Amino acid sequence: MPIDKIFKDDANEEKGERARMASFIGAMAVADLVKSTLGPKGMDKILQSTGRGHSVTVTNDGATILKSLHIDNPAAKVLVDISKVQDDEVGDGTTSVVVLAGELLREAEKLVTSKIHPMTIIAGYRMAAECARDALLKRVMDNKEDAEKFRSDLMKIAMTTLCSKILSQDKEHFAEMAVDAVFRLKGSTNLEAIQIIKKPGGSLRDSFLDEGFILDKKIGIGQPKRIENAKILVANTAMDTDKVKIYGARVRVDSMTKVAEIEGAEKEKMKDKVNKILAHGINCFVNRQLIYNFPEELFADAGVLAIEHADFEGIERLGLVTGGEIASTFDNPESVKLGHCKLIEEIMIGEDKLIHFSGVAMGQACSIVLRGASHHVLDEAERSLHDALCVLSQTVNDSRVLLGGGWPEMVMAKEVDELARKTAGKKSHAIEAFSRALVAIPTTIADNAGLDSAELVAQLRAEHHNQGCNAGIDVISGAVGDMEERGIYEAFKVKQAVLLSATEAAEMILRVDEIITCAPRRREDRM
Amino acid sequence: MALAFDEYGRPFIILREQDQKTRLRGIDAQKANIAAGKAVARILRSSLGPKGMDKMLQGPDGDVTITNDGATILEQMDVDNQIAKLMVELSRSQDYEIGDGTTGVVVMAGALLEQAERQLDRGIHPIRIAEGYEMASRVAVEHLERISQKFEFDVNNYEPLVQTCMTTLSSKIVNRCKRSLAEIAVKAVLAVADLERRDVNLDLIKVEGKVGGNLEDTELIYGILVDKDMSHPQMPKQIEDAHIAILTCPFEPPKPKTKHKVDIDTVEKFETLRKQEQQYFDEMVQKCKDVGATLVICQWGFDDEANHLLMHRNLPAVRWVGGVELELIAIATGGRIVPRFQELTPEKLGKAGMVREKSFGTTKERMLYIEHCANSKAVTIFIRGGNKMMIEETKRSIHDALCVARNLIRNKSIVYGGGAAEIACSLAVDAAADKYPGVEQYAIRAFAEALDSVPMALAENSGLQPIETLSAVKSQQLKENIPFYGIDCNDVGTNDMREQNVFETLIGKQQQILLATQVVKMILKIDDVISNSEY
């Protein structure tokens, strides 16, 4: 007696081998997609959105590429998810994590076809991941004590991160900027305090780090363009008509004169408010909301610089840098903390006028102005710089560093190989496979650079047989070289996150033996 | 059939629009139902045990869930068949009642149905089979009671509890750190348990997850974690010895429920209204300040002006805190939820030793920790993990472990896992079968066979020879008359579940057998299925 079906119409079910195949293939396809962006000679991708305007993004950031993909394969979604988490947590290594997970699954597929149970593979992978982590821990360098050296470590990390991006031409310049900016944060990971302003025009080299704070706004007409020793009131209040907030209030009048009277009262109220604000003894007023013509005029009369419609982040940052508090009521001028800065002036970048606050009280925040030929370049530059900043701010907290250029992978692979030799049972196959997956990363780096990967990796492996070797792939010269001399460093935290989340994701996909897809939710045709 | 005639020869309709309906009768109906039930059980069968596999479920909106929790799989499976829906219900009721063993109960029911089919082929009436199952289940439950063991634990010696929770967790993806998770679960349950009354209110344990970090970073917080931050970015991020005002009224002008209008027709009225408004905000903040609150937690939003006033008066505040969280905070801090500003009094404030804001990762995710509370009866388990699916699966696993710990506090009896209890029951039921005269004897024997299917599935999933392993263990149990031998899923080298520390709760097992029997009885009694063929 055949059962007709137990699922709803469009739902379907894939079992056993087929399910495993579907998830392996999906995951590997995603990994192969981003594979070619790995490493300093990795290529970029053009992403065109299907939305209105078909906007185009050019990037080589793994997380950005994967975020924009429309993926139907559930296993592929797992990979997209881990890359997103990697982005949120450490900011860099988003491509590596996907590539490593893909390689782990590719190796697992081979093992499954040779009749090794997925659970055994998982057990082997876990042991291998643990061992690989220990191997890294043994070789980490920590220069937290030595400020000079620590700074040079950070510089090197920033340069390594940037060299795979569009900024690689001027990586020293940008690395310098990123390191300066992060040092200003003094250990906090709050990257909001670093503002990135993008202005098309000029070349990437013209980008600069500004000690002060730049607000992308114009100064009102008839107001002073330059203020020294500014006292700033940062506010979030309605400066149009101040509505009566008591519920149900409305104006009901019976004659035109009364309308005029009430309008007068309203105006009076606004004037009051402006006077109260002026009573703070300020010469600059920044509001988050709009400032209407009438109050603006009043401010101009009083010789106060009024800036309207600074967005929320701008306000928060301004509060942070100038040390003022964000005010919404103005009845107690004596107890409101005002922000201070030495000089406010209008500056020109390219063709745009911006307001520049310099000599601010708290040195934590700073602005980075990016210049570049086009919006695409600027967007990509911002993403790259963001990656570098993330990595640096994380490294400031966890100052352990490793060498780069495939060095950590080779170190791990060597240890894992040794573990495989010591382990009895079927697990050792899985452990061996893990080491092969690790080696795939330097291989990909070499491949992407158009080098003879087989030759280089073999050479590298031989080099690593010696204790304490610093060899990695030097993509620039196309040979095996000493990574310490070349100054290619990576943050330990990034590598560890790559290793652990890739293993976790591979494990998760391996455990699946059945995929059940629900019927897609029907959407009303909105035509 | 659809048309009958009364004594005057007039036709009347029994079944409307019969040609649009499909109908299955008698033995066909039973067979079809059994097949559907079996199909559901087959899906879950491979998820059973520590080496069970996971299922990947893609929801209607394209969201992906990876789990091996039986109840979750069935819930999200988009099942259409009526009998399959019954199985879903079955696993759900096990989830509500016990919280664990949701896969086992479905596999058990599937096995019972399979055996019933064989008996039907022999020509035994379904009702007799159902009755036989009923008797057998009673025997099995009694036998479980007999072989169960009580173990002693108290607040300081909770090792046995941890062991049992570990058995539950070992089948999940989190088994990498089952030890620490089991400890967290047990500590959480013990913290909120009422050991006198032997009751645990699991609502007091909040399970919160945040993507990022490692599974190993999962921690138990003796306090509350709120996924919110301070309402004003410049408020202090850390408050010691906080006195918390817990409010359910917004910092906004009052909104009477009855419809009303305030008419402004003169300038004076406009002025007074304006003054009134200012005064109102001022009063609200002042009231909080007067009773000595150092932190305000509010269910609703604040007006910009109120927000600044709070900031100005140095009174940190949190807004938009959900109702459930608010209640938990009230329980934990010993405060009262205050619905109106007028009713604020110093006694109604909650107290916490430390309130702090903590940020995560590179994005601006912040959470509020409320710790060292006056009353530590509410705790939070904070899960970290590599990705969203991992967190969700860990939440489900923790829930299972919490339920197990709670069940043990309610009833200290345990049975041995790894299929040992099922094998023991199977032996007992088989022996009891001979004592029953009548056709039921066959059904009882069939029940014993069905019980064997759980250890069989365990062995199969672990990559062992199912029949060989099962018969070896069975004969060992019979020979030595010890009900502790089970399937050695983890390849440890011993069959003795006492040594492997694999425990399950007695009530969980009993409930599994009872629930599975009930559902199977229900399915067997159906002999007519009428359904709309298409709609």
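Residues numbered from 1 in each chain as written. Chains lettered and ligands numbered in written order. Predicted model: local features only at pLDDT ≥ 70, side-chain atom pairs only at ≥ 80, totals over all residues. Heavy atoms only, no water.

As annotated in an unreviewed UniProt entry, chain B is T-complex protein 1 subunit epsilon from Eruca vesicaria subsp. sativa. Listed under Subcellular location (unreviewed entry) in UniProt, the entry text for chain B is "Cytoplasm". (UniProt positions renumbered as here; feature names shortened; annotations may be inferred.)

Taking an unreviewed UniProt entry as the reference, chain A is identified by name as CCT-beta belonging to Eruca vesicaria subsp. sativa. As stated in UniProt under Subcellular location (unreviewed entry), the record for chain A gives "Cytoplasm". The annotation that UniProt attaches to chain A under Function (unreviewed entry) is "Molecular chaperone; assists the folding of proteins upon ATP hydrolysis. Known to play a role, in vitro, in the folding of actin and tubulin."

Judged by nonpolar contacts, the single largest core of 215 residues is most densely connected at A:Phe434, B:Leu247, B:Phe251 and B:Ile370. Setting aside chain neighbours within four positions, we find A:Phe434 in contact with A:Leu104, A:Tyr125, A:Ala128, A:Ala129, A:Ala132, A:Val416, A:Leu499 and A:Thr503. Among the nonpolar cores identified, the runner-up in size contains 69 residues, and B:Val88, B:Ile129, B:Ala136 and B:Tyr485 belong to it. (Core = buried A, V, L, I, M, F, W, Y, C linked by side-chain atoms within 4.5 Å. Buried < 20%, exposed > 50% of the residue type's maximum accessible area, 1.4 Å probe, protein only. Contact = heavy atoms within 4.5 Å.)

With that out of the way, let us pick up empty space enclosed by the protein. Inspection of the entire model under this criterion finds three cavities of 30 Å³ or more. Roughly 90 Å³ of internal volume is contained in the largest cavity. Looking at the largest cavity, it is lined by 13 residues, and the ones nearest its centre are B:Asp100, B:Gly101, B:Glu504, B:Thr505 and B:Gly508. Counting only elements with at least two residues in the lining of the largest cavity, the list comes to helix H6 (159-169), strand S19 (503-505) and helix H16 (506-525) of chain B. Looking at the lining of the largest cavity residue by residue, the classes come out as three nonpolar, seven polar and three charged. Of the volumes computed, that of the second largest cavity is approximately 40 Å³. In this structure, the second largest cavity is lined by A:Leu100, A:Glu409, A:Met412, A:Leu438, A:Ile441, A:Lys495, A:Val498 and A:Leu499. Broken down by element, the residue count for the lining of the second largest cavity peaks at three residues, all from helix H16 (residues 492-510) of chain A. Here the lining of the second largest cavity is built from residues that sort into six nonpolar, no polar and two charged. (1 Å grid on protein atoms, 1.4 Å probe; cavity = no way out; pocket = protein on both sides within 12 Å on 5 of 7 lines; lining within 4 Å. Points joined across faces, edges and corners; volume = space filled by probe spheres on them. Helix = DSSP H or I, 4+ residues; strand = E, 2+ residues; numbered from the N terminus. Nonpolar A, V, L, I, M, F, W, Y, C, P; charged D, E, K, R; others polar.)

With that settled, consider the side chain of B:Ser46. Tracing the backbone shows B:Ser46 in the loop between helix H1 (26-45) and strand S4 (54-58). Since its relative accessible area comes to 17%, B:Ser46 is described here as buried. A polar contact of 2.8 Å, which involves the side chain of B:Ser46, links it to the side chain of A:Asp513. In contact with B:Ser46, other than residues within four places in its own chain, are A:Asp513, B:Gly52, B:Met53, B:Lys55 and B:Asn461. (Polar contact = N/O pair within 3.5 Å; in protein donor to acceptor, adjacent residues only side chain to side chain.)

Of the volumes computed, that of the second largest pocket is approximately 1,100 Å³. Forming the walls of the second largest pocket are 37 residues, and the residues nearest its centre are A:Met119, A:Thr120, A:Ile122, A:Ala123 and B:Lys51. Elements with a minimum of two residues in the lining of the second largest pocket: helix H5 (118-139) and H16 of chain A. Take the lining of the second largest pocket: its biggest share by element is nine residues, from H5(A). Partitioned by chemical class, the residues of the lining of the second largest pocket number twelve nonpolar, ten polar and 15 charged.

On to the interface of chain A and chain B. Counting residues at the interface gives 84 residues for chain A, matched by 85 residues for chain B. Buried area between chain A and chain B, summed over both chains or domains, comes out near 7,500 Å², and the portion from carbon and sulfur atoms is 55%. In this assembly, chain A and chain B are joined by two salt bridges. Here B:Lys55 makes a salt bridge to A:Asp513, at a shortest N to O gap of 2.7 Å. One can count seven residue pairs in polar contact (both at pLDDT 80 or more) joining chain A with chain B. When grouped by side-chain class, the residues that make up the side of chain A that touches chain B number 35 nonpolar, 15 polar and 34 charged. Bridge count between strand S20 (residues 512-517) of chain A and S4(B): five bridges; the pairing is parallel. Opposite A:Glu514, over in S4(B), you have B:Lys55 as the bridge partner. (Buried area = accessible area lost by both parts, 1.4 Å probe. Salt bridge = Lys/Arg side-chain N within 4 Å of Asp/Glu carboxyl O. Pairing = 2+ DSSP bridges.)

Once that is clear, we can look at helix H7 (residues 178-192) of chain B. Residues and elements named next belong to chain B. Across its 15 residues, H7 extends 21 Å between first and last C-alpha, which sits within 8% of the 21 Å expected from 1.5 Å per residue. Within H7, the full set of buried residues consists of Leu181, Ala182, Ile184, Ala185, Val186, Ala188, Val189, Leu190, Ala191 and Val192. Buried residues along H7 sit in contact with H6, strand S7 (205-211), strand S8 (219-221), strand S17 (379-385) and helix H11 (388-410). (Expected span 1.5 Å × (residues − 1).)

The subject of this paragraph is the pairing of strand S10 (residues 284-287) of chain A. Residue and element names in this part refer to chain A. Burial of the side chains of S10 extends over both faces: Cys284 and Val286 are buried on one face and Phe285 and Asn287 on the other. Here strand S8 (residues 226-235) pairs with S10 via four bridges, running parallel. Bridge assignment links Ile232 to a residue of S10, and that residue is Cys284. With respect to chirality, the unit in which S10 leads through helix H9 (residues 293-301) into the neighbouring parallel strand S11 (residues 305-307) is right-handed. (Right-handed = clockwise from strand over helix to strand, strands pointing away.)

To continue, consider the side chain of A:Ser367. With respect to the element layout, A:Ser367 can be found in strand S15 (residues 366-372). Among all residues touching A:Ser367, those that are not within four sequence positions of it are A:Gln195, A:Phe208, A:Leu209, A:Asp210, A:Gly212, A:Phe213 and A:Ile214.

Another point: the sheet that holds S15(A). Residue and element names in this part refer to chain A. The strand order across the open sheet built from three strands is S5-S15-S6, with neighbouring strands paired in mixed fashion. This sheet does not close on itself; its edge strands, each paired only once, are strand S5 (194-200) and strand S6 (208-210). Along the sheet, successive strands turn relative to each other by an average axial angle of 25°, direction set aside. Strand contacts of helix H7 (residues 171-185): S5, S6 and S15, with the helix running at about 160° to S15, the strand carrying the most contacts. Across the sheet, helix H11 (residues 375-397) touches S5 and S15, and the angle it forms with S5 is around 160°. (Axes fitted to C-alpha atoms, helices over the stretch in contact; angles between N-to-C directions.)

Residue and element names in this part refer to chain B. Positionally, Ile423 belongs in helix H12 (residues 420-433). Ile423 sits 25 residues away from Ala448 along the chain, and the two C-alpha atoms are 8.7 Å apart. Ignoring anything within four residues of it in the chain, the contact list for Ile423 reads Pro455, Leu470, Val473, Lys474, Gln477 and Tyr485.

Residue and element names in this part refer to chain A. The antiparallel open sheet is built from three strands, whose spatial order is S4-S16-S19. Two strands lie at the open edges of the sheet, namely strand S4 (141-142) and strand S19 (489-491), each paired on one side alone. Across three bridges, strand S16 (residues 400-403) lies against S19 in antiparallel orientation. Paired with Leu403 across the strands is Tyr489, a residue of S19. Taken strand by strand, H16 contacts S16 and S19, and its axis lies near 65° from that of S19.

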